[in-house]
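Spelled out from the first residue to the last, the chains are:
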Amino acid sequence: MKATILSIAMMLIAVVTYAQDKNKKMTFDVNGRCAMCKERIEEAALNVKGVKYANWDIPTHQLAVIMDERKTDAMKIKTAIVAVGHDTKELKATDEAYNSVHPCCLYREDNSDDGKHHENKQ
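Just so it is clear, the model here is predicted, and its values are computed rather than measured.

A. Spatial organisation of the packing of aromatic side chains. For the structure shown, the criterion picks out one aromatic pair. The residue whose ring lies beneath Arg108 is Tyr98, and the NZ or CZ to ring-centre distance is 4.0 Å.

B. Region of interest: the state of the cysteines. Tallied over the full model, the rule gives zero disulfides. A disulfide-free cysteine, Cys34 has its sulfur positioned 3.5 Å from the sulfur of Cys105, the nearest such atom. Cys105 supplies the cysteine sulfur nearest to Cys104, a cysteine that is in no disulfide, at a spacing of 4.2 Å. Judged by relative accessible area, which is 18%, Cys104 ranks as buried.

C. Spatial organisation of the pattern of salt bridges. Counting across every chain of the model gives seven salt bridges. In this structure, Asp95 and Arg108 form a salt bridge, with 3.5 Å as the shortest nitrogen-oxygen distance. One end of the pair, Asp95, is in helix 4 (residues 95-99); the other, Arg108, is in the loop between helix 4 and helix 5 (115-118), and 13 residues separate them in sequence. Here Arg108 falls in the partly exposed class, since its relative accessible area comes to 26%. Here the residues in one salt-bridge network are Asp87, Asp95 and Arg108, joined through shared partners.

D. Layout of the nonpolar core. Membership of the largest hydrophobic core comes to 24 residues, with the highest contact counts inside it found for Phe28, Leu63, Ile77 and Ile81. Counting residues per element, this core draws most heavily on helix 2 (residues 35-46), which supplies five residues. If you look at the next biggest cluster of nonpolar residues, it comprises five residues, including Val82, Ala93, Ala97 and Tyr98.

E. Inspection of helix 3 (residues 74-83) at higher detail. Those residues of helix 3 that sit buried are Ala74, Ile77, Lys78, Ala80, Ile81 and Val82. Lining the buried residues of helix 3 we find strand 1 (23-29), helix 2, strand 2 (51-57), strand 3 (62-68) and helix 4. For helix 3, the N-terminal capping position is held by Asp73, with its side-chain oxygen 3.0 Å away from the main-chain nitrogen of Met75.

What counts, and where the lines are drawn
- Residues numbered from 1 in each chain as written.
- Predicted model: local features only at pLDDT ≥ 70, side-chain atom pairs only at ≥ 80, totals over all residues.
- Heavy atoms only, no water.
- Phe/Tyr/Trp six-rings, centres within 6.5 Å; stacked < 30°, edge-to-face > 60°.
- Lys NZ or Arg CZ within 6 Å of the ring centre and 35° of its normal.
- Disulfide = S-S within 2.5 Å.
- Buried < 20%, exposed > 50% of the residue type's maximum accessible area, 1.4 Å probe, protein only.
- Salt bridge = Lys/Arg side-chain N within 4 Å of Asp/Glu carboxyl O.
- Helix = DSSP H or I, 4+ residues; strand = E, 2+ residues; numbered from the N terminus.
- Core = buried A, V, L, I, M, F, W, Y, C linked by side-chain atoms within 4.5 Å.
- Contact = heavy atoms within 4.5 Å.
- Polar contact = N/O pair within 3.5 Å; in protein donor to acceptor, adjacent residues only side chain to side chain.

Structure (structure tokens):
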């Protein structure tokens, strides 16, 4: 009887521990320039099933995400981001996707921070 209760308790602890490890925090580089890029990048990431949080920092070009590893992975998120025209270190947006962003958001020739230019235009 004690062995059965102990076994059930150990299984319950294992299940609770596993459930807590489902969310993973990650950051990765995503090219862009301004607040319009920020909105586009974050929306693309959040539209991936399993992404719970996305925040792209304009000056550092770092996208911070919290995702459920059981539902998605980093490459799925990066694929969604390049589909809306933003390059990552591993993947490059197609010319068609890149050219679909607003002309002032084109970053490949001039990768400077243009965030202040767009603050009042949203």
